[in-house]
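Below, each chain spelled out in residue letters.
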Amino acid sequence: MSGAHELESASGLCVLSVLCCLTLACSYVGSLYVWKSELSRDHPAVIKRRFTSVLVVSSLSPLFLWVWRELTGMKTDAAILSLMGFRVDGILPATILPLLLTMILFLGPLVQLSLDCPWGLLEGLKIAFDPHFWMLCFTDMRWLRNQVIAPLTEELVFRACMLPMLVPCTSPGTAIFTCPLFFGIAHFHHVIEQLRFRQGTVLSIFLSAAFQFSYTAVFGAYTAFIFLRTGHLIGPVLCHSFCNYIGFPAIFTVLDHPQRATIVLFYGLGVVLFFLLLYPMTDPTLYGDIPICYLLDKGSSDHRSLCL
């Protein structure tokens, strides 16, 4: 009877966890549509209004985690904000190493960009340290959305809040691949706007959506991996912002590039180095006490691999 009770309890935990994650995902996406407008999603007025709604949902997202903890009775020694990756211990390596690892993965695209860039190194450094340049960036609504608001709110909602709810039910390994499904599905709302503004044929829009779902799901698994291994939110946010800036690698243009041999070499080198450094650079011992460990059974293999 005790085994059946435990099974029922585990099943109830999983159902509640998935429902909470689904509600949170729907709330985030739904907040984008509380404002009725005939303008496109890239219009500054639309972006400003959506900033307001997603920031409200994001600020309320810790409440979902608190309610989940109260309903499940999942008492831990870690505070809610700590579980969400807001902590000081290990913050310096958590800020630098995941971003550096992501830049290594994108070594090929970065080399390609540098070869095509009309600026020299000194000119680029002058622009990077020019306050006027950053003023222009922060007053550009699309830049602010893609580089700041979207990475911060999406990682907060889809990683920091959902992973602590999924890990006790599914284990960290499964949660890494489950959590991005909510993230990928959430991006399907772009189909509505593309159909509405007739930005292509129905087939091309849905093929693009399927590709975007696949890409965002893989990317979501990567940032979920970083979040669980480091116990910090800052790494996923910076990696998300960086990837939004770089975009999907223009692989098919490489073959037509005058220096394709060099670029292909760095594409391959980046991928090889990324997989060689993935675990060493995300070693949990570099980042202090991982809060997610408080949600794991101390005798489990997941606890031993992540927390010891």
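Residues numbered from 1 in each chain as written. Predicted model: local features only at pLDDT ≥ 70, side-chain atom pairs only at ≥ 80, totals over all residues. Heavy atoms only, no water.

Our working rule: UniProt positions are given in the numbering used here, feature names are shortened, and annotations may be inferred rather than shown by experiment.
Under the annotation held in an unreviewed UniProt entry, the protein chain carries the name CAAX prenyl protease 2 and is attributed to Eleutherodactylus coqui. In the Catalytic activity (unreviewed entry) part of its UniProt record, the protein chain is described as follows: "Hydrolyzes the peptide bond -P2-(S-farnesyl or geranylgeranyl)C-P1'-P2'-P3'-COOH where P1' and P2' are amino acids with aliphatic sidechains and P3' is any C-terminal residue." Taken verbatim from the UniProt record of the protein chain, the Subcellular location (unreviewed entry) comment is "Endoplasmic reticulum membrane".

**Re the overall build of the protein chain**
Put simply, the rule reads: Note on conventions: DSSP H or I runs of at least 4 residues are helices, E runs of at least 2 residues are strands, and numbering of each starts at the N terminus. Exposed residues in this analysis have more than 50% of their type's maximum accessible area, buried residues have under 20%, and partly exposed residues fall in between, with area computed by a 1.4 Å probe over protein chains only. By definition in these notes, contact holds between two residues if any of their heavy atoms fall within 4.5 Å. Per-residue and other accessible areas were derived by the Shrake-Rupley procedure at a 1.4 Å probe size, with only the shown protein chains allowed to occlude residues.
When helices and strands are tallied, the protein chain shows 15 helices and zero strands. Across the 308 residues in the protein chain, those meeting the buried criterion constitute 43%. Considering only contacts within the protein chain whose residues lie at least 6 apart along the sequence, 75% involve residues at least 24 apart. Entry remark: accessible area of the protein chain is about 16500 Å², with carbon and sulfur atoms responsible for 71%.

**Focus on the packing of aromatic side chains**
What counts, and what does not: Put simply, two rings from Phe, Tyr or Trp (the six-membered ring, in Trp's case) pair if the centres are within 6.5 Å, and we call them stacked under 30 degrees between planes, edge-to-face over 60, tilted for the rest.
Considering all chains together, one arrives at nine aromatic pairs under this definition. Ring centres of Tyr28 and Phe158 lie 5.5 Å apart, and the angle between their planes is 75°; this geometry places the pair in the edge-to-face category. With Tyr28 in helix H1 (residues 2-31) and Phe158 in helix H8 (residues 141-170), this pair connects stretches of sequence that are 130 residues apart. Here Tyr28 and Phe158 have matching classes, each one buried. Seen in terms of ring centroids, Phe106 and Phe242 are 5.8 Å apart; in terms of plane orientation they differ by 85°. Their pairing is edge-to-face. Taken together, the positions of Phe106 in the loop between helix H4 (91-105) and helix H5 (107-116) and Phe242 in helix H12 (residues 234-246) put the pair 136 residues apart, joining distant regions of the chain.

**Points about a nonpolar patch on the surface**
Rules: For patches, a residue must show more than 30% relative accessible area and have no salt bridge; joins then use 9 Å for like charges and 5 Å for nonpolar side chains, namely Val, Leu, Ile, Met, Phe, Trp and Tyr. The salt bridge criterion pairs a side-chain nitrogen of Lys or Arg with a carboxyl oxygen of Asp or Glu, the two atoms within 4 Å.
There is a patch of nonpolar side chains on the surface, built from Val56, Leu60, Leu63, Trp66, Val67 and Leu71 and spanning about 550 Å² of accessible area. Residue position: Val56 is located in helix H2 (residues 44-72).

**Quick word on the state of the cysteines**
For clarity, the cut-off: In this description, a disulfide is simply a cysteine sulfur pair whose atoms lie within 2.5 Å.
Per the stated rule, a full pass over the model turns up one disulfide. Disulfide partner of Cys14: Cys169, at an S-S distance of 1.9 Å. Disulfide Cys14-Cys169: torsion about the S-S bond near 115°, hence right-handed. Here the residue Cys14 occupies a position in helix H1, and Cys169 occupies one in helix H8, the gap between them amounting to 155 residues. Cysteine Cys179 shares no disulfide, and the gap to the nearest cysteine sulfur, in Cys21, comes to 6.5 Å. Looking at the unpaired Cys243, the closest cysteine sulfur is the one in Cys239, lying at 6.6 Å.

**Notes on the nonpolar core**
Threshold: To form a nonpolar core, buried Ala, Val, Leu, Ile, Met, Phe, Trp, Tyr and Cys residues must be joined to one another through side-chain atoms within 4.5 Å.
Counting 66 residues, the largest nonpolar core has Phe158 and Met162 as its most contacted members. With 14 residues, the top contributor of residues to this core is H8. Once residues lying within four places of it in the same chain are set aside, the contact partners of Met162 are Cys21, Leu24, Ala25, Val157, Cys179 and Phe182.

**Some points on the packing of helix H7 (residues 131-138) against H8**
The geometry of a pair of packed helices is captured by two quantities: the angle between their axes and the separation between those axes. Filter applied, for reference: Helix axes use the C-alpha atoms of the stretch in contact, all axes being lines fitted to C-alpha atoms, and the angles between their N-to-C directions lie in the range 0 to 180 degrees. By the definition adopted for this analysis, an angle is roughly parallel if under 35 degrees, roughly antiparallel if over 145, roughly perpendicular if from 65 to 115, and oblique otherwise. Residue polarity follows a fixed list, in which Ala, Val, Leu, Ile, Met, Phe, Trp, Tyr, Cys and Pro are nonpolar, Asp, Glu, Lys and Arg are charged, and the others, Gly among them, are polar.
The interhelical angle for the contact between H7 and H8, taken along N-to-C directions, is 90°, at an axis separation of 6 Å. Considering their axes alone, H7 and H8 lie roughly perpendicular with respect to each other. Each of Trp134, Cys137 and Phe138 in H7 lies in contact with H8, whose residues at this interface are Met141, Trp143, Leu144 and Val148. Here the contact of H7 with H8 is composed, by residue class, of seven nonpolar, no polar and no charged.

**A word on H5**
Because each turn of an α-helix spans 3.6 residues, side chains separated by three or four positions in sequence point in the same direction. Stated formally: Of all possible arcs, the one meant is that of the directions from the helix axis to the C-beta atoms.
For H5, the complete set of buried residues consists of Gly108, Pro109, Val111 and Gln112. Angular distribution of buried residues about the axis of H5 spans 160°; they occupy a single face of the element. Against the buried residues of H5 lie H12, helix H13 (251-254) and helix H14 (260-281).

**Let's talk about the side chain of Glu155**
Put simply, the rule reads: Under the rule applied, a polar contact is a pair of N or O atoms within 3.5 Å (in protein, one hydrogen donor and one hydrogen acceptor; residues adjacent in sequence only if both atoms are side-chain atoms).
Locating Glu155 in the fold gives a position in helix H8. Within the structure, Glu155 has its side chain in polar contact with the side chain of Arg159 (distance 2.8 Å). Excluding its chain neighbours within four sequence positions, the residues that come into contact with Glu155 are Ala150, Ala160, Phe219, Thr223, Leu233, Pro236, Val237 and His240.

**Points about the UniProt feature "transmembrane region" (unreviewed entry) in the protein chain**
In the UniProt entry, the feature "transmembrane region" (unreviewed entry) is given for residues 12-31, 51-69, 90-111, 165-188, 200-227, 233-255 and 262-281. Segment residues 90-111 splits into 91% helix and 0% strand. End C-alpha atoms: 30 Å apart. In residues 233-255, helix accounts for 74% and strand for 0%; the two terminal C-alpha atoms are 37 Å from one another.

**Quick word on the environment of Gly288**
With respect to the helices and strands, the residue Gly288 is situated in the loop between H14 and helix H15 (301-307). For Gly288, a relative accessible area of 31% translates into the label partly exposed. With residues up to four places along the chain from it excluded, the contact list for Gly288 reads Arg87 and Asp89.

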